[in-house]
Amino acid sequence: MPRIEASDLLLVVDIQPDFCPGGALPVPGGDAVIAPVNALMDRFRHVAATQDWHPAGHASFASSHRGRQPFDVIDLGYGPQTLWPDHCVQGTPGAALHAALRQEPIELIVRKGFRPDVDSYSAFVENDRATPTGLAGYMRERGFRRVLCAGLALDYCVRWSVEDARRLGFEALAVVDASRAIDQAGSLGEALAAMRKAGVGDRLRIQARRLCRRAAAQAFRGEGAVAGRQAGVPAICGRRQDCARHSRSE
Ligand SMILES: [Zn+2]
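Residues numbered from 1 in each chain as written. Predicted model: local features only at pLDDT ≥ 70, side-chain atom pairs only at ≥ 80, totals over all residues.

**Brief notes about the overall build of the chain**
Here's step 1: In terms of helices and strands, the chain carries seven helices and seven strands.
Here's step 2: Along its sequence from the N terminus, the chain presents helices and strands in the succession β-α-β-β-β-β-α-β-α-β-α-α-α-α.
Here's step 3: Expressed as a percentage of its 250 residues, the buried residues of the chain come to 48%.
Here's step 4: Considering only intrachain contacts with a sequence separation of at least 6, the fraction spanning at least 24 residues in the chain is 69%. (Helix = DSSP H or I, 4+ residues; strand = E, 2+ residues; numbered from the N terminus. Buried ≥ 20, exposed ≤ 12 C-beta atoms within 10 Å, placed from the backbone. Contact = placed C-beta atoms within 7 Å.)

**Concerning the sheet that holds strand β5 (residues 106-112)**
Within a beta sheet, neighbouring strands are joined by backbone hydrogen bonds and run either parallel or antiparallel to one another.
Here's step 1: Pairing within the open sheet is parallel, and its five strands lie in the order β5-β2-β1-β6-β7. The open sheet is flanked by β5 and β7 (171-180), the only strands paired with a single partner. Within this sheet the neighbouring strands show an average axis-to-axis angle of 20°, counted without direction.
Here's step 2: With six bridges connecting them, strand β1 (residues 8-13) and strand β6 (residues 146-152) associate as parallel partners. (Pairing = 2+ DSSP bridges. Axes fitted to C-alpha atoms, helices over the stretch in contact; angles between N-to-C directions.)

**Re unusual backbone geometry**
Here's step 1: The step from L152 to A153 runs through a cis peptide bond, and the omega angle for that step is -15°.
Here's step 2: Relative to the helices and strands, A153 is located in the loop between β6 and α3 (154-167).
Here's step 3: With a phi close to 55°, D183 is a non-glycine residue in the positive phi region.
Here's step 4: Along the chain, D183 falls in the loop between β7 and α4 (187-197).
Here's step 5: Residue D183 is classed as partly exposed on the basis of its 19 C-beta neighbours within 10 Å.

**What to know about α3**
Here's step 1: Between its first and last C-alpha atoms α3 spans 18 Å; for 14 residues at 1.5 Å apiece the expected length is 20 Å, and the two agree.
Here's step 2: Here α3 lies mainly inside the structure; 12 of its 14 residues are buried.
Here's step 3: Those residues of α3 lying buried are L154, D155, Y156, C157, V158, R159, W160, S161, V162, E163, D164 and A165.
Here's step 4: If you follow the buried residues of α3, they end up packed against β1, β2 (47-52), β6, β7 and α4.
Here's step 5: After α3 finishes, the residue G169 shows a positive phi value of roughly 100°. (Expected span 1.5 Å × (residues − 1).)

**So, the packing of α3 against α4**
Here's step 1: Between α3 and α4, whose axes approach to 9 Å, the crossing angle comes to 25°. Taken together, the axis directions place α3 and α4 in an arrangement best described as roughly parallel. Of the two possible hands of crossing, α3 and α4 adopt the one that is left-handed. In this structure, α3 contributes L154, D155, Y156, R159 and V162 to the contact, and α4 contributes S187, L188, A191, A194 and M195.
Here's step 2: Split into classes, the residues belonging to the contact of α3 with α4 amount to seven nonpolar, one polar and two charged. (Parallel < 35°, antiparallel > 145°, perpendicular 65-115°, else oblique. Left-handed = near helix turned anticlockwise from the far one by under 90°. Nonpolar A, V, L, I, M, F, W, Y, C, P; charged D, E, K, R; others polar.)

Purely geometric stuff here, so don't read any function into it on its own.
Below you can see the structure in the form of structure tokens.
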């Protein structure tokens, strides 16, 4: 992991009950990101978070479109849009930041997806690819030059946020070992390939090793850092050095 500077921002993406097991749109193992993200917060001077925040009847909900099912893809006027189960409805418990997530270090919460007709995966630009969330302006005013994104889901909101950050002139990394994917219709493989192409792999491997070297070695053995067997990561571990669990399993 690169040295963390005062101009770095940790962006915690969509760690909300609806994206965790038992939620409306659960990401497999989604709650496993909470411990490593909580641990990461100690290493950054500045932390922001995003919160998916939809009005009832949002255009990204399959239930808003007659005859459609979750995971269908339709054209919403701004391009293809995957339809989801109703999730993260404003003010509901599933839309809160997860109770186990440390919240005191979070300096800014960016709510996204609140426009009824536009979804927003990215923390920076909504899915119409034209409407800014304001985060880029915030980062510039605060003097942040680099953003490290971790959370849910790796293949949608984390990926899109990293890509947009780079496009907008910031350095950006995805912390793969503190993220989890939906992995729907090949989306994880596509996201990993895109991020590998962007050259984030080595840094992520170092990041994982810092969290728990043995877990990282297991997770990232073989195909390289980013491939890393997202599904096969034996345990995402928030400890900063080798922990008993992974020592035993080696
Ligand atoms: Zn959403």
